[in-house]
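# Structural characterization, general
Okay, here's what each chain looks like letter by letter:
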Amino acid sequence: MWENLKYLTGFGNEFATEDPRCPASLPAGQNTPQVCPYGLYAEQLSGSAFTAPRETNRRTWFYRIRPAVVHRPFQRIDSSHLTVDFSAHPPNPNQMRWKPFDIPTDGQVDFVQGLRTVCGAGQPATRSGLAVHIYTCNVGMENKSMQNSDGDFLIVPQQGTLRIKTEFGRLVVAPNEICVIQQGMRFSVDVEGPTRGYILEVYDTHFILPNLGPIGANGLANPRDFKTPSAWFEDLDVEHTVVNKYGGHLFQAVQDHSPYDVVAWHGNYAPYKYDLADFMVINSVAYDHCDPSIFTVLTCPSVRPGVAIADFVIFPPRWAVTERTFRPPYYHRNCMSEFMGLIQGKYEAKEEGFQPGGATLHSIMTPHGPDAACFEGASKAELKPARVADGTQSFMFESSLMLAVTEWAEETCSKLDKAYYECWQPLKKHFRIAEP
């Protein structure tokens, strides 16, 4: 079932696809014929306002066995592990580092049950802001799906491959790949064994590719490398639970059939995946650093030009060749918030303490940079061409918003490393005034 999946390629394309078991299931020449082929229902999923400009207008037409409206009423369920109330816990401007988040070993925990909010800002009710979550689970979602009415999920697997069913088709997403499930799309996550990863949720608009400016027409994440599922359906009469994340709370509704009954679809509003190994790295080849914006894979822009609600940035394997330069990341205070995670390997600026499955948060204007060992080593290193970050993949969720940490992240999870600040304390004073 999951082998040799066929994907549609391109970012934000107008796709048209039908399950090969039902040829000619897409209506010819119109969206809503009086009678659809195969007795299907036509249903539109809108990802933008009807009157949004053409370049940002997002929608897809489904041709499905039953419309999504065929379900019983939603009932509120426990959602204490998630929050959108980012004023409930006092703010904390300190540098923060978390040890790897625990994967459940007692009992069965699926993707929805394993979601935990780490930090965020804003509110989905006003369509403004974001949240950062961790997911940890050990079983798949059986006869259960989720839809996020609050915003888009950018999912970063760290341990364990995700097999994701969606109304659009199927995706297999492994560590060092990402996927984006956009607002309102129903999906189920199946796993094999202990599984962990990170989620960036945005409430505002949708992710887009960053503008390249003087870089030119090619580079960074190339549009052709993004993959969208092709149509696939199952016609199952089985009790199925749909979990709806709405206003930061969870609700569930029961229906008597699988929601993955879309036989054909066309449009430009769809889930997609991307392999981070396909990123075309740009870097300095003379001296000094380019800013880390050159490592941006996707961005969710704000209304201010050049300022993002959220950027997804990676630090992939690459060459370092600069001369006369301190090559690790520079010391920094930023008008942006920086949440970092580590998928695999060791991060160059802090090879000890920052572990795969853990995280760091450097808040707005909070100082950060290489630890003492990194500074001393890089200040004396021979500046010959060298590979950086081989076997490593770290990433950053960067935001113009001031991110507040949840009580779960600061206290309940018991993973916050309160000694993190100590990695900078051995930094020495090297200042000296030369004698005349």
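Below: a short report on this structure. (Residues numbered from 1 in each chain as written. Predicted model: local features only at pLDDT ≥ 70, side-chain atom pairs only at ≥ 80, totals over all residues. Heavy atoms only, no water.)

Take the layout of surface pockets next. Computed from the structure, the largest pocket encloses a volume of approximately 910 Å³. Lining the largest pocket are 46 residues, with H289, R327, P328, P329 and E348 sitting closest to its centre. Going through the elements one at a time, β23 (318–320), β24 (337–344), β25 (359–362), α1 (372–380) and β26 (386–388) are the ones with two or more residues in the lining of the largest pocket. Its residues assigned to classes, the lining of the largest pocket shows 24 nonpolar, 11 polar and 11 charged. Quantified by volume, the second largest pocket comes out at close to 660 Å³. Along its surface, the second largest pocket is lined by 31 residues, and P210, S293, T296, G306 and D311 are the ones closest to its centre. Looking at the lining of the second largest pocket, the elements with two or more residues in it are β21 (296–301) and β22 (308–315). The greatest single-element share of the lining of the second largest pocket, amounting to 3 residues, is contributed by β21. Residues lining the lining of the second largest pocket come from more than one domain, with at least three contributed by each of domain 1 (7–88 + 102–276) and domain 2 (279–422). (1 Å grid on protein atoms, 1.4 Å probe; cavity = no way out; pocket = protein on both sides within 12 Å on 5 of 7 lines; lining within 4 Å. Points joined across faces, edges and corners; volume = space filled by probe spheres on them. Helix = DSSP H or I, 4+ residues; strand = E, 2+ residues; numbered from the N terminus. Nonpolar A, V, L, I, M, F, W, Y, C, P; charged D, E, K, R; others polar. Domains from an automatic or database assignment.)

A few words on empty space enclosed by the protein. A probe as big as a water molecule, rolled over the atoms, marks out the empty space that is left. Tallying each qualifying case throughout the model produces 2 cavities of 30 Å³ or more. Each pocket or cavity is described by its volume, and for the largest cavity that value is around 40 Å³. Split by residue class, the lining of the largest cavity holds 4 nonpolar, 2 polar and 4 charged. The space that makes up the second largest cavity amounts to roughly 30 Å³. Along its surface, the second largest cavity is lined by F315, R318, K346, Y347, E348, A389, T392 and S394. The residue makeup of the lining of the second largest cavity, split by class, is 3 nonpolar, 2 polar and 3 charged.

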